[in-house]
Amino acid sequence: METAGAIIVAAGRGKRMGTTESKQFLPLAGKPVLVYALEAFERTGRFERIVVVTGEEDRERVCKLAAGCRLKTPIIVVAGGKERQHSVYAGLQAVDSDWVLVHDAARPFIEPAQIERCLSAAQERQAAAVLAVRVKDTIKVADEAGVITHTPNRDTLWAVQTPQAFRTVELREAHEHAAREGFVGTDDAMLMERAGKQVHIVEGSYSNIKLTTPDDWHWAEEHIRRYAERDSEIRVEENGAAETARQRKETDG
Ligand SMILES: Nc1ccn([C@@H]2O[C@H](COP(=O)(O)OP(=O)(O)OP(=O)(O)O)[C@@H](O)[C@H]2O)c(=O)n1
Ligand SMILES: C[C@](O)(CO)[C@H](O)COP(=O)(O)O
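- By the naming in an unreviewed UniProt entry, the protein chain is 2-C-methyl-D-erythritol 4-phosphate cytidylyltransferase, taken from Xylanibacillus composti.
- Recorded under Sequence similarities (unreviewed entry), the UniProt text for the protein chain is reproduced unchanged: "Belongs to the IspD/TarI cytidylyltransferase family. IspD subfamily."
- Quoted verbatim from the Pathway (unreviewed entry) field of UniProt, the annotation for the protein chain is "Isoprenoid biosynthesis; isopentenyl diphosphate biosynthesis via DXP pathway; isopentenyl diphosphate from 1-deoxy-D-xylulose 5-phosphate: step 2/6."

Okay, here's the thing in structure tokens:
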């Protein structure tokens, strides 16, 4: 049985969010953003270790946060780097599983089933696999003057997300290859592509957004509120059904 580890990158400063506190530590419905991803990975039961990459100054509080979650999966906390890519590479030093899933702490709505689908797809194909959603808008490519140069065929376009699953040795090699060439990319799949490796798409969900700007934060709060409402409606319905069943039992004797 091949093993899997996870890296959750949480060393960004969240400049585009514009808050003093980094977004991964902000409370969303009372729970720090980072905790959502930790709990989702834990719930799969598929990972022998979760490595959280954070700022050197935040290591202690991440250790405390993780301890407070009382997870069964061992958590390792390491310091990240200047760019996301450097943080992932730092996390990779603490992973010795056959497979590794890299996830953004800033994507709190990842669901355990999606994590499992991504890992299973990679293991079945014996190749990298990443979650992505189909692009809904028509995308234009423009030059520096803002003049459209062409319109790619939308059927070929995907908005990539995390988690992204890789054979650990291959991802490490791809990072080292990129570092040698002085290339810094915005996701890990890009580094694999440059190293000539196949990366498969696994259809994800539009709700697995990355909290990047204040608009995303407002969307996230609303999304959680709608879920809480839906859950309490389900509970009311379930309680109602249970009560009806009890009354029927009493009447029937
Ligand atoms: N040096 C960095 C930069 C980013 N990240 C992480 O990578 C994920 C995706 O990055 P992004 O949304 O760009 O986060 P920030 O870099 O924090 O945001 P910004 O670019 O607005 O500063 C986040 O979970 C972030 O914490 C990281 O671990 N190390
Ligand atoms: C990895 C990623 O979340 C995939 O969508 C994204 O590329 C991160 O990019 P950012 O520039 O750090 O926001």
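Don't stop here, the text continues.
Focus on the pattern of salt bridges
Thought 1: All told, the structure shown has 16 salt bridges when counted by the stated rule.
Thought 2: Between Arg-61 and Glu-21 there is a salt bridge; the shortest N-O distance is 2.8 Å. Of this pair, Arg-61 sits in helix 2 (residues 59–69) while Glu-21 sits in the loop between strand 1 (4–10) and strand 2 (27–28), placing them 40 residues apart in sequence.
Thought 3: Residue Lys-64 pairs with Glu-60 through a salt bridge whose shortest N-O separation is 3.5 Å. One end of the pair is Lys-64 and the other is Glu-60, both in helix 2 and 4 residues apart, which spans about a single turn.
Thought 4: Exposure remark for Lys-64: the relative accessible area of 59% places this residue in the exposed category.
Thought 5: In this structure, a network of salt bridges that share partners links the residues Arg-13, Glu-21, Glu-57, Asp-58 and Arg-61.

Description of the site of ligand 1
Thought 1: In the vicinity of ligand 1, 19 residues are found, and the nearest of them are Val-9, Gly-14, Lys-15, Arg-16 and Ser-87.
Thought 2: Here Gly-12 contributes a backbone N or O atom positioned 2.9 Å from an oxygen atom of ligand 1.
Thought 3: In the environment of ligand 1, an oxygen atom lies 2.8 Å from a nitrogen or oxygen atom belonging to the side chain of Arg-16.
Thought 4: Calculation on ligand 1 without its partners gives an accessible area of 560 Å², and the protein chains cover 89% of this total.

Side note on unusual backbone geometry
Phi is mostly negative for residues that are not glycine, and the peptide bonds are mostly trans.
Thought 1: Of note, the bond from Thr-162 into Pro-163 is cis; its omega dihedral lies within 30 degrees of zero at 10°.
Thought 2: By secondary structure assignment, the location of Pro-163 is in strand 10 (residues 158–167).
Thought 3: A positive phi angle, near 50°, is found at Arg-70, a position not held by glycine.
Thought 4: Within the secondary structure layout, Arg-70 lies in the loop between helix 2 and strand 5 (75–79).
Thought 5: Residue Arg-70 is classed as exposed on the basis of its relative accessible area, which comes to 73%.

Digging into the layout of surface pockets
Thought 1: Size it by volume and the largest pocket reaches roughly 880 Å³.
Thought 2: Lining the largest pocket are 30 residues, and of these Gly-12, Arg-16, Lys-23, Arg-84 and Lys-210 sit closest to its centre.
Thought 3: Looking at the lining of the largest pocket, the elements that each hand over two or more residues are strand 1, helix 3 (84–92) and strand 10.
Thought 4: Among the elements that line the lining of the largest pocket, the one with the most residues is strand 10, at 4 residues.
Thought 5: Classifying every residue of the lining of the largest pocket by side-chain character gives 8 nonpolar, 11 polar and 11 charged.

Calculation notes
Residues numbered from 1 in each chain as written. Chains lettered and ligands numbered in written order. Predicted model: local features only at pLDDT ≥ 70, side-chain atom pairs only at ≥ 80, totals over all residues. Heavy atoms only, no water. UniProt positions renumbered as here; feature names shortened; annotations may be inferred. Salt bridge = Lys/Arg side-chain N within 4 Å of Asp/Glu carboxyl O. Helix = DSSP H or I, 4+ residues; strand = E, 2+ residues; numbered from the N terminus. Buried < 20%, exposed > 50% of the residue type's maximum accessible area, 1.4 Å probe, protein only. Near = heavy atom within 4 Å. Polar contact = N/O pair within 3.5 Å; in protein donor to acceptor, adjacent residues only side chain to side chain. Areas by Shrake-Rupley, 256 points an atom, 1.4 Å probe, with all protein chains shown as cover. 1 Å grid on protein atoms, 1.4 Å probe; cavity = no way out; pocket = protein on both sides within 12 Å on 5 of 7 lines; lining within 4 Å. Points joined across faces, edges and corners; volume = space filled by probe spheres on them. Nonpolar A, V, L, I, M, F, W, Y, C, P; charged D, E, K, R; others polar.

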